[in-house]
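Listed below are the residues making up each chain.
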Amino acid sequence: MSQSLYAQMWDAAQGALEDLLEDEYPTVQLHPQKDRLQAFQTLATFYLRYLKIFRALEEVYDQIVHPQKRRVVHQVLEGVMGRLVELKNEMVELEYSEFHYFDDILQDFKMTPEDLEIPIPRYFVREKMRALKEREKMLAHILAKGGRQEHKTVPAQSMSVERAVWLLQVSERARQGRLRAHFMKTIRQEEQRRLQGNSSMLDPDQAATCIQKVWRGYRDRRKVNKECLEEMIFLGMIPAQQTTPSPAHLHAQQVESRRHCVQEEHEAEYQRALVNIKEAVQSVDGPDIKESLQEQIRQWFIECRDATGKFPDFPSPEDGGSASIFAQKTPEQVAAEFAAKEEEREKKKKSKGEKDKKGKKKEKKGKTKGKKGKGDTEEEEKGWKMTPSNFLPTVVEGAKMYKEVWHNRDEKQNFLQRFDAQLVREEKRLEVEEELRVQVDELMRQELKNLKLVVDRDKGKKKKKVKKSSKKKKKKGRKTGKKKKKKEKDLTADRTIESLYEELVMEGFIIRPKNVKLSDYIGEYSYLGTTLRQADIEPMPSLSDVRQLIALYGVLPLGSQCVHERGPLIRTLLLTGPAGVGKKMLVHALCTETGANLFDLSPAAVAGKYPGKSGLQYLLHMVFKVARQLQPSVIWIGDAEKTFYKKVPKLEKEMEPKRLKKNLPKVLKSIKPEDRVLVVGTTRRPFDADIKPFCKVYKKIILIPRPDYASRFTLWKELLQAGGAQLGPKLDLSSLSKVTDGYTQGHILQAIQTVLNSHRLDLQTKRPLTAVEFIPPLARQDPVYKEEEEAFKAWYSRTPLGKKRARAAKASEEHGDHKQGKTKGGKSQKKGKEGKTKKRKKKK
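Now for a look at the structure at hand. Bear in mind that the values here come from a model prediction, so they are computed numbers and not experimental data.

### Concerning a positive patch on the surface
Consideration 1: A cluster of like positive charges, contributed by Lys646, Lys692, Lys696, Arg798, Lys803, Lys804 and Arg807, occupies part of the molecular surface.
Consideration 2: Secondary structure elements with two or more residues in the positive patch: helix H23 (691-697) and helix H30 (800-843).
Consideration 3: For the positive patch, the leading source of residues is H30, giving three residues.
Consideration 4: Within the secondary structure, arginine 807 is located in helix H30.
Consideration 5: Its relative accessible area of 55% is what places arginine 807 among the exposed residues.

### Things to note about the sheet that holds strand E1 (residues 510-511)
Consideration 1: One open sheet holds the six strands; their spatial order is E1-E3-E4-E5-E2-E6, and the pairing between them is mixed. Each edge of the sheet is formed by a strand with only one pairing partner; in this case those strands are E1 and strand E6 (701-703).
Consideration 2: Looking at chain direction, strand E4 (residues 633-638) and strand E5 (residues 677-683) are connected through six bridges and run parallel. Looking at E5, one finds that isoleucine 637 is bridged to glycine 681.
Consideration 3: Here helix H29 (residues 786-797) sits on the sheet in contact with strand E2 (572-576) and E6, set at roughly 155° to E6.

### What about the nonpolar core?
Consideration 1: Core analysis: the largest hydrophobic core is formed by 129 residues, its most contacted members being Tyr47, Phe102, Leu619 and Ile702.
Consideration 2: Per-element tally for this core: the top contributor is helix H2 (residues 36-63), with 14 residues.
Consideration 3: Not counting residues within four places of it along the chain, the set of residues in contact with leucine 619 comprises Leu504, Phe509, Leu601, Val606 and Tyr610.
Consideration 4: Within the second largest apolar cluster, 21 residues are counted, among which are Phe301, Phe314, Val440 and Leu448.

### Let's talk about the side chain of threonine 682
Consideration 1: Relative to the assigned elements, threonine 682 resides in strand E5.
Consideration 2: What makes threonine 682 buried here is its relative accessible area of 6%.
Consideration 3: What threonine 682 contacts, discounting residues up to four positions off in sequence, is Leu574, Leu575, Lys583, Val587, Trp636, Ile637, Gly638, Asp639 and Ala640.

### Thoughts on the side chain of arginine 712
Consideration 1: In this structure, arginine 712 sits in helix H24 (residues 709-722).
Consideration 2: When near neighbours in sequence (up to four residues on either side) are disregarded, arginine 712 contacts Pro707, Ser737, Lys738, Thr740, Asp741, Gly742, Tyr743 and Ile748.

What counts and what doesn't
Residues numbered from 1 in each chain as written. Predicted model: local features only at pLDDT ≥ 70, side-chain atom pairs only at ≥ 80, totals over all residues. Heavy atoms only, no water. Patch = residues over 30% accessible without salt bridge, like charges linked within 9 Å, V, L, I, M, F, W, Y side chains within 5 Å. Areas by Shrake-Rupley, 256 points an atom, 1.4 Å probe, with all protein chains shown as cover. Salt bridge = Lys/Arg side-chain N within 4 Å of Asp/Glu carboxyl O. Lys, Arg positive; Asp, Glu negative; His and termini not counted. Charge placed at Lys NZ, Arg CZ, Asp CG, Glu CD. Helix = DSSP H or I, 4+ residues; strand = E, 2+ residues; numbered from the N terminus. Buried < 20%, exposed > 50% of the residue type's maximum accessible area, 1.4 Å probe, protein only. Pairing = 2+ DSSP bridges. Contact = heavy atoms within 4.5 Å. Axes fitted to C-alpha atoms, helices over the stretch in contact; angles between N-to-C directions. Core = buried A, V, L, I, M, F, W, Y, C linked by side-chain atoms within 4.5 Å.

Below, the structure is given as structure tokens:
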């Protein structure tokens with residue numbers, strides 16, 4: 001696609017965003033929504049509209065070449081990402097569920113379930129590719145230096161000489177037998193040809209018709225088979241065969257990669273221009289700017305002197321210096337503001353003691369008034385209101401910048417999409433002006449003091465005394481403020497980050513994540529979610545929903561500093577589900593998509609290392625220090641339930657699985673919004689843990705179910721194609737998907753790996769694959785039974801979010817029964833009244 005087409009995409013996305021911001025900031029103040037369903041509908045519509053804009057902006061940012069345009073797109077893109085995370089958090093708090101279904105809204109917006117997928121911004125990894133490659137080299141060097149083998153090698157079985165000779169003899173005799181059989185077959189064929197050659201010759205016309213008949217039959221059969229195959233593929237009865245990418249597709253990929261190179265070149269050119277243009281502005285325009293600033297400030301001195309009869313006080317650097325003077329105000333207004341500020345400061349100092357005394361009286365009055373005023377506040381708080389966003393101001397600012405600068409800008413001459421020098425000059429002029437203003441303010445402060453000494457000596461002395469006393473007080477106040485804050489002890493202050501990193505790698509606490517993408521986690525959308533919820537049945541989440549949650553809770557906050565700082569803070573994440581559903585794969589995908597370091601703090605990894613309390617504190621301090629310095633980082637705790645065991649099994653007592661139980665919650669509190677560190681726990685037996693401390697640590701819990709029919713069908717198709725299988729009509733994937741109900745992704749993958757060995761792949765042309773071949777390896781594995789699935793459901797219902805959802809469902813049922821009771825009561829009362837009137841008429 002061309003640059004003009006990406007410009008059109010950007011324009012369309014900004015137009016959609018402008019319409020959305022009008023709905024976000026309505027002109028009329030909206031009343032709180034009492035209906036929860038209606039509130040969810042508004043949130044879901046906002047969510048889907050933002051998701052559509054996010055997809056378009058991500059595509060534009062990845063391919064657009066202009067460095068200044070990319071900065072505007074990046075600002076809006078990060079704001080939209082943060083708003084998506086905020087809206088998801090709002091939906092969770094409203095519905096008390098991590099999983100949501102938008103079937104009806106998808107139909108209204110004419111969107112498909114594929115449009116619900118959260119696009120992973122490609123710049124997360126691409127813009128720091130060099131740093132990632134250097135880290136990979138460093139990790140490989142440390143592992144090689146320590147002699148640690150990263151990949152487990154399969155040990156070769158030893159064989160005796162007699163056994164080896166016997167195997168060679170068997171294979172050689174078999175080879176000679178095959179050669180002899182082939183030789184005898186050729187002799188037999190020659191004899192048959194000789195006998196046929198002696199028979200009478202056919203008529204040429206008869207021979208021609210015979211050949212025509214055979215050829216036409218072959219041609220028609222081939223045509224019919226081809227049409228049947230195309231029809232079956234079109235209907236979805238047979239999966240489409242893998243085709244090689246077309247030349248146009250390959251060319252498009254080359255153009256995209258070429259654009260990435262051009263982006264880097266233009267960015268480097270832009271960075272050089274920033275330095276050069278700034279130096280030019282400082283040398284050429286700097287003296288003029290300095291003179292004009294001094295003249296403006298001197299003019300202000302004179303105007304204030306004429307208006308108020310005295311020279312004004314120069315604003316301090318904290319108040320903005322001379323920049324606060326020229327905010328389109330008259331000298332009288334400025335002088336009045338400074339006088340008002342001084343009065344306020346004096347009042348605050350005097351009223352500090354009075355407020356403490358009055359506070360106690362107000363508290364007593366507040367208790368008595370609280371009983372009366374409770375009804376009013378409850379009436380105001382009824383209903384749902386959208387919480388204020390931290391990202392909307394950045395989105396509005398970016399949209400405004402686009403409208404003012406880029407919307408109607410003529411870019412016909414800038415065919416190569418290089419930076420705009422005029423815009424850079426304007427930006428750098430403002431920067432130079434701010435830098436020079438600081439120098440000018442210091443000079444003008446001194447000049448003002450000299451003027452006051454000459455004209456107002458007495459007043460000047462008094463003011464100086466007041467200023468000195470106030471400065472001393474401020475300094476004292478600052479010192480007291482610093483004393484209150486306690487800094488944590490740095491246990492590794494004498495060591496470098498490189499040495500700590502090397503130690504953690506050698507001890508096995510930093511591991512290399514597998515190169516797996518989130519899109520490789522195969523799973524389909526649940527099409528029955530909305531209908532089941534309407535029937536008050538809680539559906540099991542689909543694998544597509546799990547993929548979306550990992551992107552929203554893990555990938556976006558870890559990939560973007562802005563989203564992590566301003567968005568809802570997620571310190572921990574728990575992935576729970578049966579064995580083989582892909583919990584570890586999701587952890588590795590999280591690291592791959594964001595370029596994060598992977599730390600392993602599983603009980604098995606910690607066992608026997610850094611003994612004692614001091615050793616454990618040192619280990620945790622070391623891990624979290626390196627994780628913060630080399631962020632983004634993912635700290636993985638496998639078998640997370642072992643840390644919070646109700647009762648430790650006898651076989652595991654030596655491992656001390658509960659070592660982290662006391663220290664882990666304390667360390668997690670130290671993770672701040674600016675630290676892109678996420679602790680991810682995985683467990684297949686969460687019911688073995690004590691649920692209260694477990695859920696206090698892991699506040700976000702994602703329950704991963706076994707795959708449903710649609711997910712199993714796509715799994716079989718994708719994994720077989722990846723293994724090199726040819727999917728023909730004889731391989732019934734639908735039957736395989738039905739038979740494997742209860743089996744997880746791990747079971748299916750293991751069955752495919754056992755069947756599709758090199759020998760079987762070579763025989764595919766002669767003997768096509770069938771569904772029956774995969775049954776024996778599946779039969780050797782235990783599926784996920786209903787009892788286990790019900791145990792997971794029962795455990796999840798006892799989590800804080802599960803309890804909230806159960807309470808909300810109970811309250812809605814009671815509300816519905818109460819309404820029905822009222823209507824029945826009303827009808828019975830009416831019937832009673834009618835009966836009484838009839839009796840009275842009869843008596844009369």
